[in-house]
Amino acid sequence: SSAITKSTKIVLNLESLGSLPADEAGPLARYASTIQAQRHDYNGKVLSIRTEDLKSLAIIYDMSPDELTTRLIEWGVLSPGADGSIYADEE
Ligand code: C2E
Ligand code: C2E
Ligand code: C2E
C-alpha cells in the first residue's frame, strides 16, 4: 500500500538525517542543505520540503516516490506531518 498520500506534507527530521551513513543519505543531505541555504533556514530540527522535491529525489535515488518515502521512514528521516499522519519509528 502507498506509504504516503499526495496531500501529506513532507517534513524531514534533520537530526536523523545527519546521523545516517553518507553513502546512503548523501544525496538527500545535500538536497536538504541546498534548500536550507536558499531559504536561509539553518536553525531548524526539521525542514518542510515540496512534494515536487520528493519526486526529484526519487529520480536521484532511482526509486518511485512511494519507495523513497518508505525508505525515508525506515531511515527515521520522515517526521510527522502537520496532520500527524506519518510517524518515523524510534529504534
Ligand atoms: P521561489 O520559488 O521563487 O519562492 C519565493 C518565495 O515564495 C519563497 O522564498 C517563499 O517565501 C515563498 N514560497 C514559495 N513557495 C512556497 C511554499 O510552497 N510554501 C511557502 N511557505 N512559501 C513558499 P524563500 O523561502 O526565501 O525561498 C527562496 C527560493 O529558494 C525559492 O524561490 C526557491 O527557488 C528556493 N527554495 C526554497 N525552498 C525550496 C524548496 O523547498 N524546494 C525548492 N525546489 N526550492 C526552494
Ligand atoms: P513554527 O515555526 O512555530 O510554525 C507553526 C506553524 O506556523 C507552522 O506549522 C505553519 O503552519 C505556520 N508557519 C510558520 N512559518 C511559516 C512560513 O514561513 N510559511 C507558512 N506558510 N507557514 C508558516 P507546521 O508547518 O506544522 O510546522 C510546525 C513546526 O515545525 C514549526 O513551528 C517549526 O518549528 C517546524 N518546522 C516545520 N517546517 C520547518 C522548516 O522548513 N524549517 C524550520 N526551521 N522549521 C520548520
Ligand atoms: P506550506 O507553506 O503550508 O504550503 C502548502 C502548499 O501550498 C505547497 O505545497 C504548495 O502547493 C502551495 N503553496 C504555498 N505557497 C506557495 C507559493 O508561494 N507558490 C506556489 N506555487 N504554491 C504555494 P508544497 O509545494 O508541497 O510545499 C510543502 C511545504 O514545503 C510548504 O508548506 C512549506 O512548508 C515548504 N516550502 C515549500 N517551498 C518553500 C519555499 O520556497 N520556501 C519556504 N520557506 N518553504 C517552502
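Residues numbered from 1 in each chain as written. Chains lettered and ligands numbered in written order. Predicted model: local features only at pLDDT ≥ 70, side-chain atom pairs only at ≥ 80, totals over all residues. Heavy atoms only, no water.

(A) The site of ligand 2, seen in detail. What surrounds ligand 2 is a group of eight residues, the closest being Lys9, Arg39, Asp41, Val46 and Ser48. Contact between ligand 2 and Asp41: a nitrogen atom at 2.6 Å from a side-chain N or O atom of the residue. At 3.3 Å from a nitrogen atom of ligand 2 is found a main-chain nitrogen or oxygen belonging to Val46. In isolation ligand 2 exposes 770 Å². Once the protein is present, 30% of that is buried. With three residues, the top contributor of residues to the shell around ligand 2 is strand β2 (residues 46–49). Residues that form the shell around ligand 2 fall into these classes: three nonpolar, two polar and three charged. (Near = heavy atom within 4 Å. Polar contact = N/O pair within 3.5 Å; in protein donor to acceptor, adjacent residues only side chain to side chain. Areas by Shrake-Rupley, 256 points an atom, 1.4 Å probe, with all protein chains shown as cover. Helix = DSSP H or I, 4+ residues; strand = E, 2+ residues; numbered from the N terminus. Nonpolar A, V, L, I, M, F, W, Y, C, P; charged D, E, K, R; others polar.)

(B) Region of interest: the pattern of salt bridges. As enumerated under the stated definition, the model contains two salt bridges in all. The residue Glu52 makes a salt bridge to Lys55 at a minimum N-O spacing of 3.4 Å. One end of the pair is Glu52 and the other is Lys55, both in helix α3 (residues 51–60) and three residues apart, which spans about a single turn. As a salt-bridge pair, Glu74 and Arg71 come within 3.7 Å of each other at their nearest N and O atoms. Placement of the pair is Glu74 and Arg71 together in helix α4 (residues 65–74), with a separation of three residues, close to one helical turn. (Salt bridge = Lys/Arg side-chain N within 4 Å of Asp/Glu carboxyl O.)

(C) How the structure looks around the environment of Glu24. Mapped onto the secondary structure, Glu24 falls in helix α2 (residues 22–39). Setting aside residues up to four positions removed in sequence, Glu24 forms contacts with Tyr61 and Trp75. (Contact = heavy atoms within 4.5 Å.)

(D) Local environment of the pairing of β2. On β2, burial follows the alternation: Leu47 and Ile49 on one face are buried, whereas Val46 and Ser48 on the facing-out side are not. Across four bridges, strand β1 (residues 10–13) lies against β2 in antiparallel orientation. Bridge assignment links Ile10 to a residue of β2, and that residue is Ile49. (Buried < 20%, exposed > 50% of the residue type's maximum accessible area, 1.4 Å probe, protein only. Pairing = 2+ DSSP bridges.)

(E) Seen up close, the packing of α2 against α3. Direction vectors running N to C along α2 and α3 enclose 150 degrees, while the axes themselves pass 10 Å from each other. Considering the angle they form, α2 stands roughly antiparallel to α3. Judged by the twist between their axes, the crossing of α2 over α3 is right-handed. Across from Pro27, Leu28, Tyr31 and Ile35 in α2, the residues of α3 making contact are Asp53, Ser56, Leu57 and Ile60. Its residues assigned to classes, the contact of α2 with α3 shows six nonpolar, one polar and one charged. (Axes fitted to C-alpha atoms, helices over the stretch in contact; angles between N-to-C directions. Parallel < 35°, antiparallel > 145°, perpendicular 65-115°, else oblique. Left-handed = near helix turned anticlockwise from the far one by under 90°.)

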